[in-house]
Every structure is written in C-alpha cells, then in structure tokens.
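Here are the chains, one letter per residue:
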Amino acid sequence: MGEAAARRFVKQETRTLPANPGCFKSRKVVVSCVLLGYEDRLGCIYVSGERDYRNLKGDTGPLVYPAGFLYVYSAVQFVTGGEVFPAQILFGVLYITNLAMIFLIYNKTNVLPWWALCLLCLSRRIHSIFVLRLFNDCFAMTLLHAAIALLLYRRWHLAMIIFSAAVSIKMNVLLCAPPLFLMLLKGLGLSSILMALSGAGMLQILFGLPFLLVNPTAYISRAFDLGRVFIHFWSVNFKFVPEAIFTSKKFAISLLVVHLILLACFAHYKWCKYEGGLPHLLLSKFVTMKHSRFDPNNSHSKILNNDHIVTTIFVGNFIGIICARSLHYQFYSWYFYSLPFMLWKTSFPIIIRLILFAGVEVCWNIYPSNVYSSPLLLFIHLTILWGLWITPCEYPYKENKDSQTKEA
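Predicted model only: the values in this text are computed from it and were never measured.

## Some thoughts on the overall build of the protein
Alright, step 1. On a plain count of helices and strands, the protein comes out with 17 helices and 2 strands.
Alright, step 2. Across the 408 residues of the protein, 53% fall into the buried class.
Alright, step 3. When the accessible surface of the protein is summed, it comes to about 18100 Å², and 68% of that surface belongs to carbon and sulfur atoms.

Okay, structure coming up:
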C-alpha cells in the first residue's frame with residue numbers, strides 16, 4: 001500500500017493500544033492521533049471558523065460526514081476537555097446506553113430466550129469499536145436503535161427525528177430508510193407520513209445550515225457522497241475480489257442492482273405478503289388516502305406488531321450490509337446487535353444459529369482480512385439471509401386494533 005495508506009494503518013493500530021491516563025494526559029482531541037483522526041477537522045470549523053466543506057480536510061483526507069458529526073465530536077471535545085482517557089470513559093457510557101436500547105428492543109419483541117441475550121455482550125470487535133477506537137458509528141447506531149425503540153412505542157414523529165439525527169452523523173443509517181418508509185406506509189396516514197418526513201428533513205437542513213449558506217454544493221456533495229471508492233486493503237467482505245474489479249464502477253452498479261432486487265423481493269413476498277404484495281399495498285394505500293382526505297386521526301391504519309417492525313428494519317439493513325462494496329472493521333457495529341434477532345427469526349436449529357453467530361465474529365476478528373475469511377463471511381451472510389427468506393411470514397398486525405395507542 002502507498003504512503004498515505006501506511007499512515008492510516010499506523011494510526012489504526014495506534015488506536016488499539018490500551019488507554020493510559022498518564023501517557024495521554026496532555027494530548028488534546030484537536031492534536032491527538034488517537035481520537036479518530038478527526039480532530040484536525042474539528043479545529044478547521046471551531047477554531048478557524050471555517051464553513052466551506054471544501055476546506056475541511058485532515059490527515060485522513062477530506063471531511064466526508066454530515067454536519068451532525070462535527071457537532072457530536074465538538075461536544076466530546078468539550079465534555080472531555082480534549083483528553084483521550086475521559087473520551088474512552090464517555091464512549092464506555094455510550095456503549096452501555098446503546099446496550100440498554102438493544103435490550104429494550106429485544107424485550108419488546110420477545111424473540112430471544114433469556115440466555116441468548118448474553119450474545120449481545122460477547123463481541124471483542126464491538127468492544128474495540130466503542131471503547132478503544134471511538135468511531136462515529138457508535139453514536140450513529142445508538143441513535144438508530146433509539147429510533148427503533150421509539151417506533152415500538154408508536155412515537156413515529158420523534159423516531160423519525162432521531163433517525164435523521166443518526167443520518168447526520170453517518171450516512172450508513174440510510175440503509176434502514178427503505179424498510180422504515182415501508183413501515184410508515186403501513187402504520188400511518190398520509191398527513192402523518194408527511195409530517196414525519198418533514199420533521200426529519202428539517203433537522204437535516206438545520207444541522208447543515210451553516211455550511212449550506214456558504215457553499216451548498218460542497219456540503220451536499222461531500223457529506224452525502226454515494227460514489228466513494230473505499231481502499232481494497234481494508235475490505236472485510238470482498239477482499240477475495242481482485243482490486244481492479246473491486247474499484248470498478250461496474251462492480252458498484254452490480255451490487256446496487258442486487259441490493260434493489262433483494263429489497264423488492266423481500267418487500268413483495270415477505271413484508272407485504274398479507275397485504276397482497278407491494279404493488280397492492282401501494283394501490284390500497286393510495287385509495288385509502290384518497291377517501292380519508294388526510295384524516296388526522298389515521299383511522300384507516302392498523303397497528304403493526306413489534307416483531308414485524310424490528311424484523312423489517314433489521315433485515316432491510318442486513319440486505320444493505322450484504323451488498324455493500326466494502327465493509328471496514330468499524331462497520332460491524334452496523335448490524336452486530338441485530339444478528340441474534342435475525343438468527344432466532346430463522347428456523348435453523350439452535351446449534352446452527354450459534355455456529356453462524358460465532359463464524360461472523362471470527363471473520364470480523366481476523367486482521368487483516370484475507371481470501372479465506374472474506375468469502376466465508378459472505379457465505380455466512382447469505383446463509384442467514386436464505387434462512388430468513390424460507391421462514392414463514394407472521395401476521396404483521398396486532399389483533400387488538402385499539403387506535404388510541406397510536407400516535408396521531
């Protein structure tokens with residue numbers, strides 16, 4: 001790999017060292033190589049007052065995250081005083097908070113047996129991502145899990161705002177957008193859907209406003225760049241693919257096509273089976289909306305089962321994970337907490353579920369990934385997806401349709 005990649009490699013490995021308060025006492029977030037490599041970008045905006053996204057750059061390259069990322073890590077800098085060890089304590093608290101959100105989701109769905117909940121605490125790689133490496137994925141996924149938990153309490157509008165906040169930290173959360181929008185269609189009326197989407201959109205505008213006013217093109221193209229090409233060396237899922245193919249546009253387009261096909265198939269044959277398929281759901285929703293005339297009480301919508309909401313969002317996100325051109329090590333946090341849920345939604349025997357779970361963990365802990373661990377991870381992913389596909393669909397709505405429990 002080249003000099004720039006080598007520098008990133010050294011930084012990556014430096015972050016795996018245990019924190020020593022004495023060693024890092026005088027190091028600040030804005031000058032330290034330990035805290036993510038993002039510190040110099042924070043300095044660009046909050047020290048020099050820079051608002052043009054073209055000029056926000058660091059040792060690891062240009063800033064490629066939305067504005068929420070800057071606000072979060074500026075808050076981390078303020079709370080910790082710029083020292084690394086307190087930041088690691090803060091991320092430890094974030095880890096516990098995220099775990100509490102996950103336990104709440106699992107408790108509301110009642111999919112896992114009590115003993116299987118311990119699987120959520122056993123990942124060495126996840127502990128490293130949260131407490132040692134301090135990635136922004138941790139904040140994004142914690143907010144996403146909070147949004148899902150709010151959906152289980154029918155707090156649709158607040159959930160969409162929290163979801164939007166998660167997107168403002170890292171764009172990978174958008175992998176959940178298609179299944180989430182489907183849940184909005186099935187659970188809300190037109191006026192409520194528009195209000196929920198408007199709230200999410202307004203938050204993005206509010207967060208990005210300082211940069212949109214200066215250079216909107218630079219902000220949108222940098223913060224929401226969907227065409228980024230990742231370094232082949234760091235790929236965990238497609239390391240076995242030759243680099244020339246890996247970086248090609250045809251490979252990216254092929255994965256996108258497969259992603260859309262899988263989403264369409266699951267939406268039509270699994271998630272909308274009891275509505276007669278996706279086209280029938282869209283047509284019936286249009287007819288209902290036309291006759292309800294923006295009914296504010298949403299009287300024509302049914303109450304969705306918690307299992308159906310979580311299954312749809314987790315599986316939709318997992319499909320995006322499978323079709324991602326490159327999964328870096330911190331990306332494991334995007335779906336690790338959904339793995340036990342999805343495995344227990346399959347009809348596999350318990351021993352097979354545990355083997356698949358362990359296999360995923362082993363693949364993510366092989367560093368660097370190689371031509372053996374990478375195809376093995378893909379095979380396990382596809383096996384889990386196949387298990388979800390062949391599992392019979394459950395009725396997606398609650399039998400007790402008490403509309404008073406829904407948010408208007």
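Here the narrative resumes, following the displayed structure.
## What to know about the layout of surface pockets
Alright, step 1. Estimates place the volume of the largest pocket at around 960 Å³.
Alright, step 2. Looking at the largest pocket, it is lined by 29 residues, and the ones nearest its centre are Leu175, Asp225, Leu226, Gly227 and Phe230.
Alright, step 3. In terms of residue count, helix α12 (residues 249–271) provides more of the lining of the largest pocket than any other element does, 6 residues in total.
Alright, step 4. Across the lining of the largest pocket, the residue classes tally to 17 nonpolar, 7 polar and 5 charged.

## Some remarks on the packing of aromatic side chains
Alright, step 1. Counted under the stated rule, the structure contains 35 aromatic pairs.
Alright, step 2. Judged by centre distance (5.9 Å) and plane angle (80°), the ring pair of Tyr73 and Phe139 falls under edge-to-face. Of the two residues, Tyr73 sits in helix α3 (residues 67–80) while Phe139 sits in helix α6 (residues 136–152), which places them 66 residues apart along the sequence.
Alright, step 3. For Phe139, a relative accessible area of 17% gives the class buried.
Alright, step 4. An aromatic cluster is built from Phe233, Trp234, Phe318, Tyr329, Tyr332, Tyr335, Phe336, Tyr337, Phe357, Trp364 and Tyr367, whose rings are joined through pairwise contacts.

Rules behind the numbers
Residue positions are given per chain, counting from 1 as you read along its sequence in written order. Since the coordinates come from a predicted model, pLDDT governs what is reported: local features require at least 70, and pairs of side-chain atoms require 80 or more to be given and counted, while whole-chain, interface and lining totals use all residues. The basis for the side-chain values is all heavy atoms of the structure; hydrogens and waters are excluded. Strands are runs of DSSP state E lasting at least two residues, helices are runs of H or I lasting at least four, and both sets are numbered from the N terminus onward. Each residue is placed in one exposure class: buried if its accessible area under a 1.4 Å probe, protein chains only, is under 20% of its type's maximum, exposed if it is over 50%, and partly exposed if it falls in between. In this description, accessible areas are obtained by the Shrake-Rupley approach with a 1.4 Å probe, and a residue is regarded as covered only by the protein chains that are shown. Whether a set of points on the 1 Å grid over the protein atoms alone is a cavity depends on a 1.4 Å probe fitting there but being unable to get out, while an open set qualifies as a pocket with protein on both sides within 12 Å along at least five of seven lines; lining residues are those with an atom within 4 Å of a point. Grid points are joined across faces, edges and corners, and a volume is the space filled by probe spheres set on the points. Residue classes follow a fixed rule: Ala, Val, Leu, Ile, Met, Phe, Trp, Tyr, Cys and Pro count as nonpolar, while Asp, Glu, Lys and Arg count as charged, and any other residue, Gly among them, counts as polar. Aromatic contacts are taken between Phe, Tyr and Trp rings whose centres are within 6.5 Å, Trp giving its six-membered ring; a plane angle under 30 degrees counts as stacked, one over 60 as edge-to-face, and the others as tilted.

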